[in-house]
Every structure is written in structure tokens, then in C-alpha cells.
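# Residue-level structure breakdown
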Amino acid sequence: MNNVFKQVAKRSISTLIAPTVLMFSYNTMAEQVEFQPELKGKKIFSHYGIDDDLPKLGISSLEMGEHLVEQVDRTVYINDEVRNSSVFLVKSTDQKGNIDLRIKHERSKIDEHLDAVDEIEQSTRTQYRLRNWAQSYDASSIKAAELENGDVAITFNYSKYGLPQDIAYFRFMTVEVLVSDGQPKNMVISNTNSFKLNGYNIENYRQDITFQTLDSGKLIIMEKRVEKTGTKGKKPVHIVESVTPIALYDADGVDIIDEERLNEASDPRLVEERVDVDRVFPLMGDMVARQGIDLPLPFGISMAYRNQNMSLPTNDFIIGGVRLNEFFDPNETFANVNAEVLTLRGDVNILPFWNMFGYFGKINVDANVDAQYTGEIGQGLRDKIENYAPGLGDALCDGVSALCTTGRLNVPLNLKYDLVGIGTTLSVGYKEFFASVTGTYSATRIEGGSSWGDGLITVQPMLGYQLVDYRAQIFVGAEYQGLKSRMQGTVITGDIEFDYDVGVDLNQWAALVGVNKQFGKHYQMSFLYNKGETRDSMTLNFGYRF
């Protein structure tokens with residue numbers, strides 16, 4: 001890292017002094033502006049000579065150069081406590097474009113009662129990630145107003161769609177830029193809604209940026225001041241953070257803004273910590289998010305509860321290897337099944353449109369076979385007895401009438417299973433709309449058993465609409481359950497054990513509707529309801545993403 005400082009020192013050009021710039025408020029100048037309705041979108045930038053890359057500097061000072069040294073001063077007011085911290089931030093870029101970020105500091109300048117380095121590291125990581133979405137502003141929101149003194153006030157909003165959830169708070173931001181003599185002088189970024197950030201509930205956010213144009217024509221940030229007011233827990237919090245550049249250089253040259261502080265930042269006695277900025281998953285996430293597709297955090301764990309009811313007409317009975325259709329009318333018999341499923345799932349977004357997951361859980365099945373008894377067993381016994389002892393067979397049926405006449409017979413079953421499975425989801429989306437298909441493969445074994453049964457395949461195609469401002473999604477679709485047309489298994493009751501094989505008539509498809517709600521950037525809850533010809537179910541899922 002010292003090579004960065006040595007290279008900067010050798011190629012020192014000049015020391016710059018930040019000018020004093022009058023901060024402005026667009027709303028207070030309403031009577032002094034002249035709107036330009038014929039200019040729309042990015043044409044406003046080009047008309048007034050503003051580089052389309054200006055939003056990059058607005059949300060990330062790391063865009064100023066391939067190699068950069070900054071000083072970050074941070075003051076946190078919690079109730080009557082005041083906590084001050086100061087660090088140096090060093091960015092360097094290798095020939096392949098890989099970025100290395102370091103925080104350097106003196107221990108005496110870090111508040112020991114606050115995780116200052118961790119919070120500055122989180123803020124730095126956010127800046128690094130925001131630079132990838134610097135162009136995610138709403139071009140249709142750009143407006144220009146010419147002031148009486150010849151300056152121009154330009155305003156725009158950041159896009160609702162193009163930011164992933166962990167840095168999505170910038171979607172609440174509005175921007176005001178003051179342009180004088182064709183050069184941006186300062187930028188004010190403020191929030192329109194409260195939001196959560198790094199454990200704080202932020203109610204008011206304001207970022208003031210002062211620009212300076214170098215002799216080379218390069219536009220840089222001379223000072224960035226961020227103020228946040230809100231709460232942490234139940235305590236009121238006020239945070240003031242200032243970022244000032246010390247030195248920067250790239251292929252175009254070197255600029256040293258403060259040589260004295262550069263020497264201080266290159267002191268080998270400073271504590272140095274590396275900032276991990278890149279996420280591995282999802283692969284290609286940055287590219288997709290810049291197209292306006294909102295991405296969730298890559299990893300998740302969730303717990304789901306599902307309750308499914310099925311009413312299945314039967315068509316065949318085999319108990320203990322013996323077909324009993326003669327004694328039980330399969331056309332007048334129904335199997336009513338209630339299954340409760342509790343699962344724990346882990347997942348990862350491999351690609352922005354591809355999620356993989358695995359799960360395990362328990363299934364509790366309560367079934368009741370409502371059978372139509374034909375009376376054939378009693379009738380057969382009566383006929384045989386009558387052949388040997390006339391009158392005795394009729395006496396048997398008179399004494400045990402239920403044995404010789406038709407009637408209903410209920411056979412209750414309670415079965416418990418272990419469950420394991422894997423699945424995948426493929427999805428596409430554009431702005432508010434999305435489509436997805438989820439497939440799973442599950443296997444079960446009876447509780448206490450040693451062998452797993454045949455697998456079950458399910459497929460869920462869905463279409464949905466995202467309520468962006470509420471971080472909620474509604475969707476409709478269908479669910480396919482690859483249930484077999486036969487219910488097979490073994491029943492163990494005390495010392496009695498027998499196999500059953502019951503043929504059923506079922507519809508493998510059911511309609512699906514649901515809603516998903518996100519709470520902050522980490523928590524989400526979803527509810528699904530299925531309704532089909534032979535089944536209905538509800539599923540409740542609660543998850544955490546990180």
C-alpha cells in the first residue's frame with residue numbers, strides 16, 4: 001500500500017484550496033426560476049454542459065480516481081454522549097481492474113465505546129457498491145430551472161427499481177445540483193422517506209457535496225458532508241460524517257490536495273484494515289441490477305408451515321396383498337387426508353435469475369378412509385352355513401346384522417414422516433413485473449423407518465406484480481404435485497403390521513395465489529393459497545436474508 005503514497009508523492013502537481021460555495025435550496029427559489037419544459041431527461045444534462053456521469057460522484061466519492069486517499073471524520077451524538085473518530089481510506093486499483101480498499105487509523109483517534117471502524121467499513125462498502133448503480137437515477141425526473149443570476153438548478157430522483165435491497169435506501173433520495181458557468185458547484189441529496197441503515201432508523205438524511213474543477217478539467221469532490229438524524233433503539237441519534245480527498249491519481253495524472261495529511265496517512269505505524277467489498281453471489285448481480293431489476297440478498301434461511309387437505313375418490317383396495325373390492329365398493333369410498341408439513345430451508349442465489357435451495361422437515365398425516373361396505377362377507381358366511389345347517393345362517397345375520405348388510409366403515413390412520421428435498425427457482429422480471437417457475441424434489445420415510453420412499457416432484461409457475469413502494473409482491477399461478485394414483489405404505493399398530501395399496505382418482509394441478517412482504521432488507525413473510533379439484537392448502541413462510 002505504501003507504493004500508492006510513494007507514487008503520488010513523486011508525481012505531485014499542486015495543492016488545491018476548496019472554494020466557499022453558497023449552499024442553496026431549490027424550493028426557496030421557486031419565484032426566481034424559469035422552467036425549461038422543452039428539455040427532458042438526459043437532454044437537460046447535455047444542454048447545460050453537465051457530464052452524464054455526475055450522479056456517480058453524488059453517491060460515491062470512490063469514482064474520482066483509480067487510486068485515492070481520503071480522510072473520513074465521523075461524530076456520533078447519542079443522547080448527551082459525543083463520540084469522535086477519524087480514519088484514512090485508501091483505494092488502489094490493479095491493472096486488471098481489481099479494487100483494494102484499506103482503512104488506516106490511529107487507535108487514539110477511534111472512539112473505544114463505539115464500533116467506529118466497523119461502521120465506517122460498512123459505510124465504505126456501501127459507497128463501493130453504490131458506484132455500480134450510479135446511473136440508476138430516474139431520467140424522467142430530471143428538471144432544470146434557470147435562476148435570475150444565471151445559475152441553473154437541476155433536480156432529479158434516484159430510481160425505484162435499480163438498487164439491490166441492501167443499499168436500496170438511496171431510492172428515497174432526491175438530488176439538487178447547482179450549476180454555475182457551466183460547472184456543477186454543489187449537490188444536495190436528501191431523503192423523502194425514513195429508512196433503516198446499519199442498525200439506525202434514519203428519519204432525516206442530508207448530503208452536501210462541494211465540487212472543484214481541476215486545471216486538467218477533471219471534476220472532483222472537495223468535501224462531502226453527510227448528516228443523519230434518527231434513533232438507535234429508543235435513543236435519539238445524530239451522525240455527522242465528512243469525507244475530504246487527500247490525493248488521487250490515475251492514468252491522466254496525479255493531484256495532491258493536502259500533502260501534510262498525505263504524509264500522515266503514509267505513516268507505517270498506522271493500524272491498517274482491509275475492507276471486503278465484493279460479494280461472490282449472485283454472479284452477474286451488478287449487471288442485472290443496473291437493468292432495473294431489484295435483487296434480494298444472496299443467502300437465506302426460512303421456516304415454512306403448510307396445511308393441505310385432500311378428498312380423494314378411490315378405485316381399488318388391496319390390504320395385506322389381498323384385493324378387497326368385492327367387500328368394499330371403491331366407487332363409493334373416499335380417502336380424506338390432512339397433511340401438516342413443517343420445514344427448514346436454506347437457499348442461495350447462484351445467478352440473479354437462479355436460486356438453489358435444500359430443506360428438511362416433518363410431515364404429520366391424518367387420514368380417514370370412509371369406505372362403503374358391501375355386506376359380501378356376511379352374505380358369503382350365511383350361504384355356507386345355510387348349506388350345512390339351514391336356518392343357522394339367517395340367525396347369524398339376524399344377530400350380527402352389520403355383517404350382512406351394506407354400510408359405512410371409517411378407517412382412521414395417523415402417519416408421521418421425515419422429509420428431505422432440494423429445489424430450484426428460475427425467474428425473470430422487469431420493473432414491477434416478474435415471472436418465475438419453482439421445481440422441487442422431495443423424499444419421505446416413515447418416522448422410525450430406515451428406507452426412503454419414492455420421490456415427489458412439484459412445479460410452481462407464477463406471474464407477479466411488485467408494489468415497489470411497499471416492498472411487497474402479489475402473484476398468481478398454479479401448482480403441480482406429482483402425486484401417484486395409488487396410496488401405498490405400511491401401517492404398524494402395536495404388534496399388528498400390514499401393507500396397504502389404495503387406488504385414488506386425483507387432479508395433480510391446483511390454482512395458486514399469494515403475497516410476499518419484505519420487512520427492511522433482511523426479513524420477509526409470504527402466504528400462499530392453493531385450490532384444486534381434489535385438494536386445497538395454505539402455506540406460511542417466514543425468512544431471513546443476508
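What counts, and at which threshold
Residues numbered from 1 in each chain as written. Predicted model: local features only at pLDDT ≥ 70, side-chain atom pairs only at ≥ 80, totals over all residues. Heavy atoms only, no water. Helix = DSSP H or I, 4+ residues; strand = E, 2+ residues; numbered from the N terminus. Buried < 20%, exposed > 50% of the residue type's maximum accessible area, 1.4 Å probe, protein only. Contact = heavy atoms within 4.5 Å. Areas by Shrake-Rupley, 256 points an atom, 1.4 Å probe, with all protein chains shown as cover. Pairing = 2+ DSSP bridges. Phe/Tyr/Trp six-rings, centres within 6.5 Å; stacked < 30°, edge-to-face > 60°. 1 Å grid on protein atoms, 1.4 Å probe; cavity = no way out; pocket = protein on both sides within 12 Å on 5 of 7 lines; lining within 4 Å. Points joined across faces, edges and corners; volume = space filled by probe spheres on them. Nonpolar A, V, L, I, M, F, W, Y, C, P; charged D, E, K, R; others polar. pLDDT = per-residue confidence, 0-100. Salt bridge = Lys/Arg side-chain N within 4 Å of Asp/Glu carboxyl O.

## Digging into the overall build of the chain
If you tally the helices and strands in the chain, you get nine helices and 27 strands. Counting only residues that meet the buried cut, the chain has 47% of its 546 residues in that class. Summarising the internal contacts of the chain: among those between residues at least 6 apart in sequence, 62% fall at separations of at least 24. If you sum the accessible surface of the chain, you get close to 27900 Å²; carbon and sulfur atoms cover 54% of it.

## Remarks on unusual backbone geometry
Although it is not a glycine, Asn 79 sits at a positive phi angle of roughly 55°. Relative to the helices and strands, Asn 79 resides in the loop between β2 (67-78) and β3 (81-93). Overall, Asn 79 belongs to the partly exposed group, its relative accessible area being 47%. In the Ramachandran plot, Asp 181 falls in the positive-phi region, its phi being about 55° despite a non-glycine side chain. In this fold, Asp 181 is placed in the loop between β7 (173-180) and β8 (183-191). For Asp 181, a relative accessible area of 76% puts it in the exposed group.

## Some words on the pairing of strand β22 (residues 472-481)
Sheet analysis places strand β21 (residues 456-467) next to β22, joined by eight bridges and oriented antiparallel. Across the sheet, residue Met 462 finds its bridge partner in β22, namely Gly 477. From the end of β21 to the start of β22, which pair antiparallel, there are four residues, and Arg 471 there has a positive phi angle of about 50°. Judged from the nine bridges that link them, β22 and strand β25 (residues 509-519) form a sheet pairing that is antiparallel. Looking at the pairing, Gln 473 lines up with Asn 516 of β25.

## Here we look at the packing of aromatic side chains
Summed over the entire model, instances satisfying the criterion amount to nine aromatic pairs. An angle of 80° between the planes, with centres 6.0 Å apart, marks the rings of Phe 45 and Phe 156 as edge-to-face. On the criterion of sequence distance, the pair formed by Phe 45 in helix α2 (residues 43-47) and Phe 156 in strand β6 (residues 152-158) is long-range, its members being 111 residues apart. There is no split in this pair, since Phe 45 and Phe 156 are both buried. Ring centres of Phe 433 and Tyr 465 lie 5.1 Å apart, and the angle between their planes is 70°; on these two criteria the pair is classed as edge-to-face. Of this pair, Phe 433 sits in strand β20 (residues 433-446) while Tyr 465 sits in strand β21, and the two are 32 residues apart along the sequence. Of the residues examined, Tyr 465 reaches a relative accessible area of 31% and is grouped as partly exposed.

## Some points on the environment of Phe 519
Relative to the elements of secondary structure, Phe 519 occurs in strand β25. Looking at Phe 519, the relative accessible area reads 43%, which means it is partly exposed. Sequence separation between Phe 519 and Ala 472 is 47 residues, and the spatial gap between their C-alpha atoms is 9.1 Å. Leaving out residues up to four positions away in the same chain, Phe 519 has contacts with Gln 524 and Met 525.

## What about empty space enclosed by the protein?
The tally for this structure, following the rule as stated, stands at three cavities of 30 Å³ or more. Here the second largest cavity defines a volume of roughly 60 Å³. Forming the walls of the second largest cavity are Arg 74, Glu 119, Ser 123, Leu 197, Asn 198, Tyr 200, Lys 228 and Ile 239. For the lining of the second largest cavity, the residue count by class is three nonpolar, two polar and three charged.

## Quick notes on the confidence of the model for the chain
For the chain, mean pLDDT is 79; residues scoring 70 or higher make up 73% of the total. The low-confidence segment residues 1-35 (pLDDT under 50) makes 76 contacts with residues lying over four places distant or belonging to another chain.

## Regarding the pattern of salt bridges
Under the criterion given, the structure shown has 16 salt bridges. A salt bridge links Lys 109 to Glu 264; the shortest N-O distance between them is 3.0 Å. With Lys 109 in the loop between β4 (99-105) and α4 (116-130) and Glu 264 in helix α5 (residues 259-265), the pair connects residues that are 155 residues apart, well separated along the chain. Of the residues examined, Lys 109 reaches a relative accessible area of 36% and is grouped as partly exposed. As a salt-bridge pair, Glu 227 and Arg 225 come within 3.3 Å of each other at their nearest N and O atoms. We classify Arg 225 as partly exposed; its relative accessible area is 34%. By sharing partners, the salt bridges in this structure join Lys 362, Asp 418, Arg 445 and Glu 447 into a single network.

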